Amino acid sequence: MPAQTPESVADAMYAMLKDYAGKKNLKAMDLTKAMIEKFGDDCDKQLCKSAIRILMDDARCTYSYVGGSYVVLNPDYGK
Amino acid sequence: MTDKKYPTPLLDDLEKGPWPSFVKEIKKSAKSPMVQDLLGLLERSYEEKIGHWKHGGLVGVQGYGGGVIGRYSDLPAEFPDVSEFHTIRVNQPSGWFYTSDALRTLCDIWDRHGSGLTNMHGSTGDIVFLGTKTTELEPIFSELTAAGFDLGGSGSDMRTPSCCNGMARCEWACYDTMAFCNDVTQTYQDELHRPAFPYKFKIKASGCPNDCVASIARSDMSVIGTWRDDIQIDPAAVKEYALAGKLDIGKDVAGRCPTKVIDWDGTTLAIDNSNCVKCMHCINVMPKALSPGKDRGATILIGAKAPIVQGALLASVLVPFIKLEQPYEDVKELIAAMWDLWAEHGKNRERIGEFIQRIGLGNFLEQIGLDPAPEMVIQPRTNPYIFYNL
Amino acid sequence: MSADVVKAKRKTDIGPPNYTKFLPPIIKENYGKWKYHEVPQPGVLVHTSHSGAKLYSVRAATPRLLSIETLRLFASIADEFTGGFLRFTSRNNVEFLATDEGKVAPLIARLKKEGYPVGGIGPSITNIVHTQGWVHCHSAASDASGVVKALMDELYPRFENMDLPGKTRIAFACCLNMCGAVHCSDIAVLAVHRKPPKINHATLGKTCEIPSTVAACPTGAIRPATVDGKQSVEVIEEQCMFCGNCFTVCPSMTMADPENDGISIWVGGKVSNARHEPMFSKLAIPYLPNNPPRWPEVTAAVKNIVDVYAKNARKFERIGEWIERIGWPKFFKLTGIEFTKYHLDDFTHAGESFKRSAQLRHSSEG
Ligand code: HEM
Ligand code: HEM
Ligand code: HEM
Ligand code: HEM
Ligand code: SF4
Ligand code: SF4
Ligand code: SF4
Ligand code: SF4
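Residues numbered from 1 in each chain as written. Chains lettered and ligands numbered in written order. Predicted model: local features only at pLDDT ≥ 70, side-chain atom pairs only at ≥ 80, totals over all residues. Heavy atoms only, no water.

Q: Could you give an account of the overall build of chain B, with specific residues and numbers?
A: Assigned secondary structure in chain B consists of 15 helices and 16 strands. Counting all 390 residues of chain B, 62% fall into the buried class. Within chain B, contacts between residues separated by at least 24 positions form 64% of all contacts whose residues are at least 6 apart in sequence. Of the roughly 14,600 Å² that chain B leaves accessible, carbon and sulfur atoms contribute 53%. Side chains of chain B give 40 positive and 50 negative charges; the mean places of these two sets differ by 5 Å. (Helix = DSSP H or I, 4+ residues; strand = E, 2+ residues; numbered from the N terminus. Buried < 20%, exposed > 50% of the residue type's maximum accessible area, 1.4 Å probe, protein only. Contact = heavy atoms within 4.5 Å. Areas by Shrake-Rupley, 256 points an atom, 1.4 Å probe, with all protein chains shown as cover. Lys, Arg positive; Asp, Glu negative; His and termini not counted. Charge placed at Lys NZ, Arg CZ, Asp CG, Glu CD.)

Q: Could you give an account of the overall build of chain C, naming the residues involved and the relevant values?
A: Within chain C, the regular secondary structure consists of 11 helices and 14 strands. The C-alpha extent of chain C, read off along each of the three principal axes, is 80 × 75 × 35 Å. Restricting to contacts in chain C with at least 6 residues of sequence separation, those with at least 24 account for 63%. Only carbon and sulfur atoms are counted for the fraction: they give 54% of the accessible area of chain C, which is about 15,100 Å². If you average the places of the 44 positive and of the 36 negative side-chain charges in chain C, the two averages end up 5 Å apart.

Q: Can you break down the sheet that holds strand β4 (residues 86-90) of chain B residue by residue, with the values?
A: Taken together, five strands build an open sheet; the order of strands is β2(B)-β4(B)-β7(B)-β6(B)-β4(C) and the sheet is antiparallel. Of all the strands in the sheet, the pair left with one neighbour each is β2 (68-69) of chain B together with β4 (65-67) of chain C. Both β2(B) and β4(B) contribute to a ladder of two bridges, which runs antiparallel. Note that in β4(B) the partner of I69(B) across the bridge is T87(B). Relative to β4(C), helix α3 (residues 68-81) of chain C is tilted by about 75 degrees, and along the sheet it contacts β6 (117-119) of chain B together with β4 of chain C. (Pairing = 2+ DSSP bridges. Axes fitted to C-alpha atoms, helices over the stretch in contact; angles between N-to-C directions.)

Q: Run through the interface of chain A and chain B, naming residues and quoting values.
A: Counting residues at the interface gives 19 residues for chain A and 19 residues for chain B. Carbon and sulfur atoms supply 48% of the area that chain A and chain B bury against each other, a total of about 1,600 Å² over both sides. On inspection of chain A and its partner chain B, the count reaches five salt bridges. The shortest N-O distance in the salt bridge between E191(B) and K49(A) comes to 2.9 Å. On the surface where chain A and chain B come into contact, there are 12 residue pairs in polar contact (both at pLDDT 80 or more). The biggest single contributor to the side of chain A that touches chain B is helix α3 (residues 45-57) of chain A, with five residues. Tallied by class, residues from the side of chain A that touches chain B come to eight nonpolar, five polar and six charged. (Buried area = accessible area lost by both parts, 1.4 Å probe. Salt bridge = Lys/Arg side-chain N within 4 Å of Asp/Glu carboxyl O. Polar contact = N/O pair within 3.5 Å; in protein donor to acceptor, adjacent residues only side chain to side chain. Nonpolar A, V, L, I, M, F, W, Y, C, P; charged D, E, K, R; others polar.)

Q: Any details on the interface of chain B and chain C? Residues and values, ideally.
A: If you look at the interface, chain B gives 115 residues, while chain C gives 108 residues. Taken together, both faces of the contact between chain B and chain C bury some 10,100 Å²; the carbon and sulfur share is 60%. Considering only the surface of chain B that becomes buried against chain C, W19(B), K49(B) and R169(B) emerge as the three largest contributors, covering 10% of it. For the interface between chain B and chain C, the tally reads 10 salt bridges. Here R72(C) ties to D108(B) by a salt bridge, and the two come within 2.8 Å at their closest N and O atoms. Taken together, the links from chain B to chain C amount to 64 residue pairs in polar contact (both at pLDDT 80 or more). No other element matches the eight residues that helix α4 (residues 100-113) of chain B contributes to the side of chain B that touches chain C.

Q: Lay out the packing of helix α13 (residues 329-345) of chain B against helix α14 (residues 352-359) of chain B with the relevant residues and their values.
A: Residues and elements named next belong to chain B. α14 packs onto α13 with a crossing angle of 75 degrees between their chain directions and a minimal axis gap of 11 Å. As far as their axial angle goes, α14 and α13 are roughly perpendicular. Contacts between α13 and α14 pair M338, L341, W342 and H345 from the former with I352, F355, R358 and I359 from the latter. Of the residues in the contact of α13 with α14, the class split is six nonpolar, one polar and one charged. (Parallel < 35°, antiparallel > 145°, perpendicular 65-115°, else oblique.)

Q: Describe the packing of aromatic side chains, with residues and values.
A: Applying the stated criterion to the full structure yields 27 aromatic pairs over all chains. Seen in terms of ring centroids, Y175(B) and F180(B) are 6.1 Å apart; in terms of plane orientation they differ by 80 degrees. Their pairing is edge-to-face. Judged by relative accessible area, Y175(B) falls into the buried class, the value being 3%. A relative accessible area of 0% places F180(B) in the buried class. Here the aromatic cluster, defined as three or more aromatic residues joined through ring pairs, consists of Y309(C), W322(C), W328(C), F331(C), F332(C) and F339(C). (Phe/Tyr/Trp six-rings, centres within 6.5 Å; stacked < 30°, edge-to-face > 60°.)

Q: Can you tell me about the nonpolar core, naming the residues and giving the values?
A: F180(B) and F88(C) are the most contacted members of the largest nonpolar core, which has 111 residues in total. Top element by residues in this core is α13(B). It accounts for eight residues. Counting 67 residues, the second-largest nonpolar core is a separate cluster that includes L14(B), F22(B), A61(C) and I128(C). (Core = buried A, V, L, I, M, F, W, Y, C linked by side-chain atoms within 4.5 Å.)

Q: Give a detailed account of empty space enclosed by the protein, specifying residues and quantitative values.
A: Empty pockets left among the atoms are what a rolling probe the size of a water molecule brings to light. Residues and elements named next belong to chain B. Summed over all chains, the structure comprises six cavities of 30 Å³ or more. One number sums up the size of the largest cavity: a volume of about 100 Å³. Residue lining of the largest cavity: 16 residues in total, with I231, C257, C276, C279 and C282 positioned closest to the centre. Sorting elements by how many residues they give to the lining of the largest cavity places helix α12 (residues 281-285) first, with three residues. Split by residue class, the lining of the largest cavity holds 13 nonpolar, two polar and one charged. In this structure, the second largest cavity spans a volume of roughly 90 Å³. (1 Å grid on protein atoms, 1.4 Å probe; cavity = no way out; pocket = protein on both sides within 12 Å on 5 of 7 lines; lining within 4 Å. Points joined across faces, edges and corners; volume = space filled by probe spheres on them.)

Q: How would you explain the site of ligand 5 if you had to name every residue and give the values?
A: Every residue close to ligand 5 is listed here: C164(B), N165(B), C170(B), W172(B), A173(B), S206(B), G207(B), C208(B), N210(B), D211(B) and C212(B). Here the residues of the shell around ligand 5 sort into six nonpolar, four polar and one charged. (Near = heavy atom within 4 Å.)

Q: Could you give me a rundown of the confidence of the model for chain C, with the residues and numbers involved?
A: On average, residues of chain C carry a pLDDT of 91, and 93% of them reach 70 or more. Counting contacts from residues 1-7 of chain C, a segment whose pLDDT is below 50, to residues more than four positions away or on other chains yields 13 contacts. (pLDDT = per-residue confidence, 0-100.)

Q: Give me a negative patch on the surface: which residues, what numbers.
A: Residue and element names in this part refer to chain B. Negative charge collects at one region of the surface, where E325, E329, D330 and E333 lie side by side. Mapped onto the secondary structure, E329 falls in helix α13. Among the residues examined, E329 registers a relative accessible area of 46% and is labelled partly exposed. (Patch = residues over 30% accessible without salt bridge, like charges linked within 9 Å, V, L, I, M, F, W, Y side chains within 5 Å.)

Q: I'd like a description of helix α4 (residues 104-113) of chain C, backed by residues and values.
A: Residue and element names in this part refer to chain C. Among all positions of α4, only V104, L107, I108, R110 and L111 are buried. An end-on view of α4 places all buried positions within 160 degrees of arc, on one side of the element. Among the exposed residues of α4, those oriented more than 90 degrees off its buried face are A105 and K113. Buried residues along α4 sit against β1 (34-41), β2 (44-49), β3 (54-61), α3 and β6 (93-98). Of the residues trailing α4, G115 is marked for its positive phi of about 95 degrees. (Arc of directions from axis to C-beta.)

Below, the structure is given as structure tokens:
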């Protein structure tokens, strides 16, 4: 597997969020655990943190609050 | 004085009386249509004995997951100007000191973009701006950051740490609470703004066991100043207290020592320091004569919370004594180890105190690499159901 | 929000301004060098440094909810009397920091004239820590600011004087979430719901995640259910303790109830380590009605407890320490408060509060 970068992990997280949209809310730690499972030693918590930061800063995602904070797709992205 | 839109006889009654009135405060800001509608809505609550707020809608500033609390009224048709009434938490400066200019800067920003109502401060210790619309959030944020302020936390993230005024104005501060508080606030900006925890996490710092910021009851990590050596005694000042006669040193000081380690023979005061539990009582009542020892540091306690979800907890001892000196590397390593474990294994909405109860303090210590110590308990267990791991 | 907003170089994660910018010169010069302090009169602290410098702090009450007009007033008072320096305390008081003793009396006069009383230091009742209530929160079982105002109008002389045996900290929270963490106060005034949630089956399936709603209930009283063909939940009412936890997770389970919501009173908690270790507040009065705008039943009950404590406690005893000395039976007798079945704990750690010894204070009067 090629080494992962914050950008590639961000893309993988974004794809996962799209899969789960409307089915299950995901917290930052859910995404992190899923990425570490998927990429194994090529990924760690710090890389995942940077990836989430990318998703937030380029406005693909936002945080929502439903009895806990979740990472969700930004409905206004690209508008 | 105000051109109020609604009669508010019930609220008006709370303008009377000697205590400063929140109704007067609201009316001082009633040039804002939002505040006029707030008065109407609140009067309705007083008539009906029921609140008129609900959750809802996604609000926040881009990139942050905390700092804004969305609030919508359930009577938007009747009180349209207060249909959105979001709160903004603004990072508190350590110790809550201000200059008049800094206060005016905050007022001007809030005048331009919100209701003009504040809490100084909210229960988290942050400055609270009470009531604005979604469209004002980004402008407020950019004006705040331009003025050197930032947002606080809300949701599953860290809250702005808070502290007593410590060395700035208290002779009993056993470590520099404001320096520590500011340092951890700045170090953990990411954890404060981007929720990645199971639930909230609060750090509060008090300079001595009087605990003026109630850290032992209100924070997940409570840092309370203390000392290890002998209480410093100024015998001449002790004599002055005895001569002044307002204080009965035998009864009021020695008699109230919880561990009864003070001897007073009418002229000399002696303390068995090895059995003093650093409660502060004797020092509190004889501030000119007694002061904490010179080998100072702090006790770190963990896990206080209000009753939701599994019942209220007071914090319990995690590190009996630590020197607590800049750059606080040891404390930060401890925090990192705890967060790592709790973030990965904590359930949604499980505070760290509840998490420790679930997995057991022994297992928690093992995972974060701390040794068990008798200071952590009132007494060893009495229950013989021991989970031996062989 | 569009992506270009972000690209326009936003400043983030700068944190609060460094506190050293806001410290008056006398504090910078004497930081960590204070020797002792005195309280020459109510509301005034005088700190003396090893260098001999003296700092005069004047503490005044605020209602916590403050208009920017008032903050501007405080700013101009600070300019006039204390070189522009002021601070707020952990209990929502404001403190003006003067270096000139001559400024103290006129400063106090000015604050009083503007309607902000001076006091709250030493063995007094300082400001009541409180929450948002009907002014801003969705789960409130009562207002917060109104109850606090009514209480402090009544207890006001205790703020301005130092005539109590010990410090008396009162706190108010408008629901069991206790944003203000009232659970360790000398007197905690806590608003409560007393009926199970009302479920809106029409909206619940759409607005709430059913598994997390079920999981929210500490007593396991919530079960998934299909009602009129809609996915929803049901509550086993005998198991509900009205904590409102479900409502916070699911807005379709409302708790607010004008007839049955009200106020409970708890006593004997403390935070400070001085003398007795910190302790929780314990139930004194399970329920008093919500009676706005002045909550007369609540103010009378709190005043009674304070007065009985003032009369009977020894010097330095906090309410909890006093009750430990005299015992709970005598507390109920002296205050005339009825002891009921609600005072007997029946939640998880219930047994811990039962008396498991025959050491009792009996008196022949019965
Ligand atoms: C989307 C808009 C919402 C916003 C902005 C919001 C905001 C908040 C805030 C700020 C808190 C206080 C938490 C703290 O002290 O940091 C809170 C608590 C809570 N809200 Fe909401 N809320 C929203 C929607 C909801 C909805 C739809 C639900 C339930 C379905 C919900 C359930 C809760 C729960 C369970 C808590 C307590 C948990 C906690 O404090 O972490 N919220 N809400
Ligand atoms: C299910 C649990 C909880 C819910 C739903 C909840 C909800 C809320 C909400 C909605 C607010 C915002 C109030 C407003 O400004 O309108 C708030 C504020 C706050 N909450 Fe909670 N909360 C919960 C638990 C807690 C707990 C357990 C604590 C403390 C140990 C806490 C501490 C706070 C604090 C300090 C504030 C700021 C209040 C103020 O500034 O007056 N909350 N909470
Ligand atoms: C696994 C848990 C325990 C088991 C299996 C157990 C078993 C027993 C047995 C069989 C006896 C009767 C002995 C006799 O016939 O004289 C006994 C007596 C007693 N046990 Fe335990 N016990 C347990 C836990 C405890 C605990 C936790 C305590 C106290 C903290 C306790 C206190 C006592 C006392 C006070 C007696 C009476 C001793 C006497 O009569 O002198 N036991 N226990
Ligand atoms: C007589 C000696 C004491 C002095 C000089 C003293 C000093 C102070 C100072 C400087 C503050 C302001 C702290 C701040 O708001 O940042 C304060 C507040 C406070 N202190 Fe202490 N402390 C003393 C004893 C105690 C004791 C014994 C307790 C508890 C039993 C206590 C509890 C508190 C509380 C709850 C506050 C918040 C009060 C407010 O903000 O209005 N203090 N104290
Ligand atoms: S906690 Fe101790 S050091 Fe801090 S202000 Fe209170 S009395 Fe002083
Ligand atoms: S600090 Fe407390 S325990 Fe120690 S000698 Fe003084 S009164 Fe006793
Ligand atoms: S105590 Fe309850 S009702 Fe009051 S502000 Fe906090 S969450 Fe809201
Ligand atoms: S109010 Fe509390 S106990 Fe009752 S159903 Fe809701 S969560 Fe369960």
